[in-house]
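Per-entry structural report
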Amino acid sequence: TGAIGLYNVGQSCCLNSLLQVFLMNTRFTGILRRITVPPYAVQKRRNVPYQMLLLLEEMQCGKRKAVSPTDLASCLSIHRVKLFVQHDAAQLFLTLWNLIRTQMKPELVEELSDLYTICVQEHLACQKCSSETKRKSSMLTLPLPVLDSNSRMLKTLEDCLQYFFLPEELTDQNMCFCEQCGRKTPFLQSMKLVHLPQTLTIHLKRFCFQKDYIHKLSHYLPFPQNLDFNAVLTENQCQADDNEKAAWKYEIFAVVAHSGSTGCGHYCAYIRSLTECKWYCFNDSEVCQVSWDDVKCTYGHSNLHW
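Residues numbered from 1 in each chain as written. Predicted model: local features only at pLDDT ≥ 70, side-chain atom pairs only at ≥ 80, totals over all residues. Heavy atoms only, no water.

As recorded in an unreviewed UniProt entry, the protein goes by the name UBP18 hydrolase, listed as coming from Brachypteracias leptosomus.

In C-alpha cells form, the structure reads like this:
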C-alpha cells in the first residue's frame, strides 16, 4: 500500500529510522515472516521479532499515512532499551540485531547472520622476528573513521574504506609482547576482508572526543550509488577467492542520517524501495518520495535539513 510512517512515541526518531530500514528490506522481512509465534501473551509482549512482525502487518494492512510503534517500544523497554533519550543509531542497530537474533530459531539466526555479518582476518606481525598471528572475527558494521591519524578529513567513502584497511604500526606505548622475542616489540597490525554479507552496513564515525567532550564531525563526505570493493581495496587487503570477491558489488539501499549536535538532534531515514525502486524520506510520521539529489543532502554539513 505504499510507504508508511511511524509516529514518534518519545524521542523515538532514531528507533523509527532503524525500524524502517529493517522492514523495508524484503530479505529481512522474508526471515521475519517465518518466526515461531510465542504461545503465551507474556512471551508475545517480550518477543522483539514477533512485535516487529505485528508492526509490519499493521503497516501493510492499513491505508493510514503512519502507525504507532508503541507495543514494540514497550517490548524494547522490557529489554532495557530506553525511550525519551537520544540514541546513537549505530549502537541501537547493534542492540536491536542482538535482541532479534537471541529470540529466533537457530536456522533463522543462520540466515540472519548470512544477511548481515561481515568476516575479517586480523593480522599481528612482529617487526623484529617476523612471527605472525592470525585471527578471524566477525562484525555487524564496518565502523569507518572520517578522519585520518593526523586528524585530516577523509574526502570520500572510498577514502574511508581504504584507510580502515591500512596496516598500522604499533610502536612506543602501543608495542605488543612477542613470545618469540620474549619482550615487547614493534608490531604491524592489519586487517583483511574475508566475507561480505548480502546487506552491508557501514557506520561513519562522525563522533569524536575533543578536549574532554564529544564532538560531532559534520564535514561533507560523499558516497556512491554503487560500490565495488574490488575497485577500492588492494589484493593485500583481501583474503578471499574470486567467487567470493565477485559478489562484493553493492547498490545503496538506505541512509540513516542525523542532524543537530551530540546532545540534541533528529534522525530520519532515506530508503530505496526494493519493490518500486523509488527513494523515500522517512521522517517519523511524514513520508515523501525523494530523488537521489535529496539523498545527497546527507553527505554532511552543520546545517542539515530534510
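That covers the picture; the talk isn't over yet.
Section: the overall build of the protein
Our working definition: Helical segments are the DSSP runs of H or I of at least four residues, strand segments are the runs of E of at least two, and each set is numbered from the N terminus. In this description the radius of gyration comes from C-alpha coordinates, and the expected globular size is given by 2.2 Å times residues to the power 0.38. To sort residues, take the accessible area from a 1.4 Å probe on protein chains only and compare it with the maximum for the residue type: under 20% means buried, over 50% means exposed, and anything in between is partly exposed. Throughout, a contact is declared for two residues whenever any of their heavy atoms are within 4.5 Å. Residue-level accessible areas treat just the shown protein chains as cover; the underlying method is Shrake-Rupley with a 1.4 Å probe. Only four residue types enter the tally: Lys and Arg on the positive side, Asp and Glu on the negative side; His and the chain ends are excluded. Throughout, a charge is located at the NZ atom of Lys, the CZ atom of Arg, the CG atom of Asp or the CD atom of Glu.
Scanning the protein from N- to C-terminus turns up 11 helices and 18 strands. In terms of overall size, the protein behaves like a compact globule, its C-alpha atoms giving a radius of gyration of 21 Å where 306 residues would be expected to give roughly 19 Å. Across its three principal axes, the protein shows a C-alpha extent of roughly 65 × 45 × 40 Å. Taken over 306 residues, the protein has a buried fraction of 44%. A fraction of 62% describes how many contacts in the protein between residues 6 or more apart in sequence connect residues 24 or more apart. Summed over all atoms, the accessible surface of the protein reaches about 16,500 Å², with 49% contributed by carbon and sulfur. Taking the 31 positively charged and 29 negatively charged side chains of the protein as two groups, their mean positions are separated by 5 Å.

Thoughts on helix H4 (residues 48–61)
Going by this rule: Given a helix with a known number of residues, its expected span is that number minus one, times 1.5 Å. Throughout this description, a polar contact denotes any pair of N or O atoms lying within 3.5 Å of each other; where both atoms belong to protein, one of them has to be capable of donating a hydrogen while the other can accept it, and for residues adjacent in sequence the pair is counted only when both atoms sit in side chains.
With 14 residues, H4 extends 20 Å between its outermost C-alpha atoms, agreeing within 8% with the 20 Å of an ideal straight helix rising 1.5 Å per residue. Those residues of H4 lying buried are Val48, Pro49, Tyr50, Gln51, Met52, Leu53, Leu55, Leu56 and Met59. Taking the backbone nitrogen of Tyr50 as reference, a side-chain oxygen 2.8 Å away marks Asn47 as the first, capping residue of H4.

Some thoughts on the nonpolar core
Heads up, the condition is: Nonpolar cores were defined as sets of buried Ala, Val, Leu, Ile, Met, Phe, Trp, Tyr and Cys residues, with membership established by side-chain atoms within 4.5 Å.
In terms of nonpolar packing, the biggest core is built from 40 residues, with Phe28, Met52, Met104 and Tyr116 touching the most fellow members. Among all residues touching Tyr116, those that are not within four sequence positions of it are Phe22, Asn25, Phe28, Phe93, Trp97, Met139, Leu140, Pro197, Thr199 and Thr201. Counting 36 residues, the second-largest nonpolar core is a separate cluster that includes Ile118, Met191, Leu227 and Val290.

With respect to helix H6 (residues 89–102)
An α-helix turns once per 3.6 residues; consequently, residues spaced three or four apart project the same way. With 14 residues, H6 ought to run about 20 Å at 1.5 Å a step, and its terminal C-alpha atoms sit 20 Å apart, in line with that. The set of residues buried in H6 consists of Ala89, Ala90, Leu92, Phe93, Leu96, Trp97, Leu99 and Ile100.

Overview of a nonpolar patch on the surface
Put simply, the rule is: Patch definition: residues above 30% relative accessible area lacking any salt bridge, with like charges linked at up to 9 Å and the nonpolar side chains Val, Leu, Ile, Met, Phe, Trp and Tyr linked at up to 5 Å. A pairing counts as a salt bridge when a side-chain nitrogen of Lys or Arg comes within 4 Å of a carboxyl oxygen of Asp or Glu.
A contiguous nonpolar patch, built from Phe207, Phe209 and Ile214 and spanning about 330 Å² of accessible area, is present on the exposed surface. On the secondary structure map, Phe207 appears in strand S11 (residues 207–210).

A few points about the pairing of S11
Heads up, the rule is: Between any two strands, at least two bridges found by DSSP are needed for them to pair.
In the sheet, S11 pairs with strand S12 (residues 213–216) via 4 bridges, with the strands oriented antiparallel. Each residue of the ladder has a partner; that of Cys208, found in S12, is His215. From the end of S11 to the start of S12, which pair antiparallel, there are 2 residues, and Lys211 there has a positive phi angle of about 55°.

Here's the deal with the pattern of salt bridges
Pairing between side chains of opposite charge can happen when their charged atoms approach one another. Overall, the coordinates contain 10 salt bridges when judged by the stated rule. In this structure, Glu58 engages Arg64 in a salt bridge whose closest nitrogen and oxygen atoms are separated by 3.1 Å. Assessed through its relative accessible area of 47%, Arg64 is described here as partly exposed. With a closest N to O distance of 3.2 Å, Arg152 and Asp148 form a salt bridge. The exposure class assigned to Asp148 is buried, which follows from its relative accessible area of 15%.

Examining the sheet that holds strand S6 (residues 168–170)
To keep it simple, the criterion reads: Lines are fitted to the C-alpha atoms to define the axes, a helix being fitted only along its stretch in contact, and any angle between axes, read from their N-to-C directions, falls within 0 to 180 degrees.
Spatially, S4-S3-S9-S6 is the arrangement adopted by the 4 strands of the open sheet, whose pairing is antiparallel. Every interior strand has two partners, whereas the edge strands, strand S4 (132–139) and S6, have only one. When strand polarity is set aside, the average angle formed by the axes of neighbouring strands in this sheet is 30°. In this sheet, strand S9 (residues 187–195) lies alongside strand S3 (residues 118–126) in antiparallel orientation, the contact comprising 8 bridges. Residue pairing in the sheet places Glu122 in a bridge with Met191 of S9.

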